[in-house]
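Examination of the molecular architecture
This is what each chain is made of:
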Amino acid sequence: MSITERVDSASLTDLRDFHPDEMVTDLEQLTANPVSLRDLYYRWERQNWSAGALDFAQDAADWTALDAEVKERLLWVLTMFFCGEEAVTDDLAPWVWSAPTEEIRHFLATQLADEARHTVFFDRFYREAVGAPGDLHEMLERYRGTLNAGYHELFYEMLPAISREVGANPGDPVVFARGVAMYHMVLEGALAVPGQRYILAFCRERGILPGFRAGFTAVARDESRHVGGGVRILQRLVEMDGDCVPAVQELVRQALPHSTHVFQPPNADFTYLSVLGYDTRELLRFGLHSLNKRLRAAGIPMPSMPPMRIPRQDATPTIPARELTPVQQMLQPMRDQLVPSAVFAALPMVFNPTVAGDLRATFRFDVTGDG
């Protein structure tokens, strides 16, 4: 049985035991194969699932047993998804009634139903497993305050603004392409898919949160279908109007700097990521690689990017210990004696062209202080 057939036919119980990389493989095949929006609509019918059917009794026991430090950090990451699902549910409707073709409209109507179901799933998990008090609105308002400025810029500034723009220009392929790039390529493809992979791996490796694991894998399955649909929609829009290409590239230039800030943890404490098994470098690499691949599949080259700066944080960074490379081990005894010029002279020694692939980027460092 192919991965597509397995994913399509899987029940919630089956999904609980899927490996996270199988969901990524499913997305890769959706992107690579000539799947139509009608095919994706039928796939939605086959993959329908119930957020009300999940049992969170074991999840509540598992959550109680987790260390307080792990719970705090896991909740911070999950809140990005909880608030994000509600934000996109609120803003997606204009995409449905402004779609330039009937096929696009029908597909996006299924996506709107999915996003509402995802919000209900997180609402149930927070209530029944985490024990969060208050109604849905109160929970969202409380947890939204834990998210950083980059997240707020993307989900509460840019997304609503583009939603209004799409709604005000029904049938306009260029405006619609900007909206699809924001929604499907950046928010879902570059941010959600990598985050899902790490969270599911964390839970699976520890054998915890079975109800959440089943539901969140179903969410990941839905998101793969959404991203695959976004690629197909952009392909169609580019055929309709070549101006869609520079419009999408400009949208990516606007959104990507904020996207890199989303995973900046509170107080520059990077154990918020490492305790869950995240490697920040791998997370960002995976997201950028995914974005590049989806855009190219849609016929849109990845745009050249202006310099992106990590925002200043008034905190002393907490950097988790990690395994050193042979070169780093060699340099460690003399680390405090190195002058900056020697550090930069050594950069070519640690450059890995195999990992870099076809990436073309310029990194700028502003170094100040004595010496």
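Notes on the structure in this doc start here. Worth saying up front: this structure is predicted, and the values here are computed from it rather than measured.

In total, this model carries 21 aromatic pairs according to the counting rule given. Between Trp-63 and Phe-125 the ring centres are 6.2 Å apart and the planes differ by 90°, which places this aromatic pair in the edge-to-face class. One end of the pair, Trp-63, is in helix H5 (residues 57–65); the other, Phe-125, is in helix H8 (residues 102–130), with 62 residues separating them in the sequence. Residue Trp-63 shares its accessibility class with Phe-125, and that shared class is buried. When the ring of Phe-212 is compared with that of Phe-216, the centres are 5.0 Å apart and the planes differ by 20°; the resulting orientation is stacked. Of this pair, Phe-212 and Phe-216 both sit in helix H12 (residues 210–240), four residues apart, which is roughly one turn of the helix. Each of the two residues, Phe-212 as well as Phe-216, counts as buried. By the ring-pair criterion, three or more aromatic residues cluster together here, those being Trp-49, Phe-56, Trp-63, Phe-81, Phe-82, Phe-121, Phe-122, Phe-125, Tyr-126, Tyr-143, Phe-212 and Phe-216. Over the face of the ring belonging to Tyr-143 we find Arg-142, whose NZ or CZ atom lies 5.2 Å from the ring centre. A cation over an aromatic ring shows up here: Arg-144 above the ring of Tyr-156, its NZ or CZ 4.4 Å from the ring centre.

Between helix H3 (residues 20–32) and helix H11 (residues 173–206), the shortest axis-to-axis distance is 8 Å and the interhelical angle comes to 155°. Taken together, the axes of H3 and H11 are roughly antiparallel relative to one another. Residues Pro-20, Asp-21, Val-24 and Leu-27 of H3 lie in contact with H11, whose contacting residues are Val-193, Arg-197, Leu-200, Ala-201 and Arg-204.

Parameters and conventions
- Residues numbered from 1 in each chain as written.
- Predicted model: local features only at pLDDT ≥ 70, side-chain atom pairs only at ≥ 80, totals over all residues.
- Heavy atoms only, no water.
- Phe/Tyr/Trp six-rings, centres within 6.5 Å; stacked < 30°, edge-to-face > 60°.
- Helix = DSSP H or I, 4+ residues; strand = E, 2+ residues; numbered from the N terminus.
- Buried < 20%, exposed > 50% of the residue type's maximum accessible area, 1.4 Å probe, protein only.
- Lys NZ or Arg CZ within 6 Å of the ring centre and 35° of its normal.
- Axes fitted to C-alpha atoms, helices over the stretch in contact; angles between N-to-C directions.
- Parallel < 35°, antiparallel > 145°, perpendicular 65-115°, else oblique.
- Contact = heavy atoms within 4.5 Å.

Keep in mind these values describe shape, not function.
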